[in-house]
Amino acid sequence: MEPCNSTLQSGFILVGILKDSGSPEVLCASITVLYVLALVSNGLLLLVITMDARLHIPMYLLLGQLSLMDLLFVSVVTPKALMDFLYRVNTISFGGCVLQMFLALTLGGAEDLLLAFMAYDRYVAICHPLNYMIFMRSRVCWFMVASSWILAFLSALGYTVYTMHYPFCKARKIKHLFCEILPLLKLACADTSRYELMVYVMGVTFLIPSLVAIIASYTLILFTVLHMPSKEGRKKALVTCSSHLTVVGMYYGAAILMYVLPSSFHNPKQENIISAFYTIVTPALNPLIYSLRNKEVMGALRRVLGKYMLPTHPTFSVGPQS
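Note that the structure is a prediction, hence the values are computed from the model and not measured. (Residues numbered from 1 in each chain as written. Predicted model: local features only at pLDDT ≥ 70, side-chain atom pairs only at ≥ 80, totals over all residues. Heavy atoms only, no water.)

S.K.: Just give me the short version of helix α9 (residues 193-226), but keep the residues and values in it.
M.R.: An α-helix turns once per 3.6 residues; consequently, residues spaced three or four apart project the same way. Counted at 1.5 Å a residue, the expected span for α9 with its 34 residues is 50 Å, and the 48 Å between its end C-alpha atoms agrees. Every buried residue of α9 is listed here: Tyr-195, Val-199, Tyr-200, Gly-203, Leu-207, Ser-210, Leu-211, Ile-214, Ser-217, Tyr-218, Ile-221 and Val-225. At its buried positions, α9 is contacted by α5 (94-127), α7 (138-163), α8 (181-185) and α10 (231-259). (Helix = DSSP H or I, 4+ residues; strand = E, 2+ residues; numbered from the N terminus. Expected span 1.5 Å × (residues − 1). Buried < 20%, exposed > 50% of the residue type's maximum accessible area, 1.4 Å probe, protein only. Contact = heavy atoms within 4.5 Å.)

This is the structure:
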């Protein structure tokens, strides 16, 4: 194909999961429900953690950041995909594609690092409870949060700039839900094999150490929990950790399939499904997984809703009758 010199002006055409679906209307309705669920559940969790002073502890500070990342992540991809389907317009400008890729990479990378820090937080809380407020003091927590955002920002910036410097061909159709590195490289009019290899190597470098840290943290937690004398303490620790491990499994499973396994192991349709899972499904389920089995969160939710959202009724005093 001939190089297209007008890519900057014409942009790209997104041919995502809705276009290839056998029942696009049903899938569109499902994605809409998941998007609304993600907005409401993550928004409520953020509100509760912010408004209830009892949740102003390291564990919930990190959980609040996870909800913020999920809220932003799902909003980077889903509204564009739904509007394209409803209005039959699948184009995205070159600048819009750059911005979408950069934001998705930043939020995905930040969540990867944050999940590892959350695992460390649980390790300290369960294995070293007496020193918890020393190891997880406010300065350390904010350092973890800032590190997640800054490292992900720098990584995403490098990926985005290098990916978009390639010349692209006239067939501007990206067979993907949104602008992502690997589907976009298939449109390049240059040899991208070395860069694709670097993407996989960097994916391993970025994802695997965090996953190893999580596995190590929970292995130590498991040994500690098994030696706890209190049955109630073991149950509470396992409930908290099982929620985190469920989220980790969903996120890292999809990310490894997308960025660590070579492209020969999956096709564009599978890539669409994987991307939809970690950009739409996971952000909708994360706050439910963390909150439904957490008595502290549910109690805080009832207090906040009761205080700020439920209508108040005037109190009438009844005086003595003459």
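Further notes follow.
S.K.: So what's going on with the state of the cysteines? Residues and values would help.
M.R.: All chains considered together, the criterion is met by one disulfide. For Cys-97, the disulfide goes to Cys-179, at an S-S distance of 2.0 Å. Its torsion about the S-S bond being -120 degrees, the disulfide of Cys-97 and Cys-179 is classed as left-handed. Residue Cys-97 is located in helix α5, and its partner Cys-179 is located in the loop between β3 (173-174) and α8; the two are separated by 82 residues in the primary sequence. On the accessibility criterion, Cys-179 (1% relative accessible area) is buried. (Disulfide = S-S within 2.5 Å.)

S.K.: Explain the side chain of Thr-160 residue by residue, including any values.
M.R.: Structurally, Thr-160 can be placed in helix α7. On the basis of relative accessibility, which here comes to 5%, the residue Thr-160 falls in the buried class. Polar contacts involving the side chain of Thr-160 include one to the main-chain carbonyl oxygen of Ala-156, which spans 2.7 Å. Excluding residues that lie within four positions of it along the chain, Thr-160 makes contacts with Val-98, Met-101, Phe-102 and Leu-105. (Polar contact = N/O pair within 3.5 Å; in protein donor to acceptor, adjacent residues only side chain to side chain.)

S.K.: Can you tell me about a positive patch on the surface, naming the residues and giving the values?
M.R.: On the surface, a cluster of positive charge is made up of Lys-231, Lys-235, Lys-236 and Lys-295. With respect to the element layout, Lys-235 can be found in helix α10. (Patch = residues over 30% accessible without salt bridge, like charges linked within 9 Å, V, L, I, M, F, W, Y side chains within 5 Å. Areas by Shrake-Rupley, 256 points an atom, 1.4 Å probe, with all protein chains shown as cover. Salt bridge = Lys/Arg side-chain N within 4 Å of Asp/Glu carboxyl O. Lys, Arg positive; Asp, Glu negative; His and termini not counted. Charge placed at Lys NZ, Arg CZ, Asp CG, Glu CD.)

S.K.: Could you give an account of the packing of aromatic side chains, naming the residues involved and the relevant values?
M.R.: As enumerated under the stated definition, the model contains nine aromatic pairs in all. Ring plane angle 85 degrees and centroid distance 5.4 Å describe the contact between Phe-102 and Phe-153, whose orientation is recorded as edge-to-face. Placement of Phe-102 in helix α5 and of Phe-153 in helix α7 is noted, with a sequence separation of 51 residues between them. Judged by centre distance (6.0 Å) and plane angle (90 degrees), the rings of Tyr-162 and Tyr-166 are edge-to-face. Grouped by ring-pair contacts, the aromatic residues Phe-12, Phe-94 and Phe-168 constitute a single cluster. (Phe/Tyr/Trp six-rings, centres within 6.5 Å; stacked < 30°, edge-to-face > 60°.)

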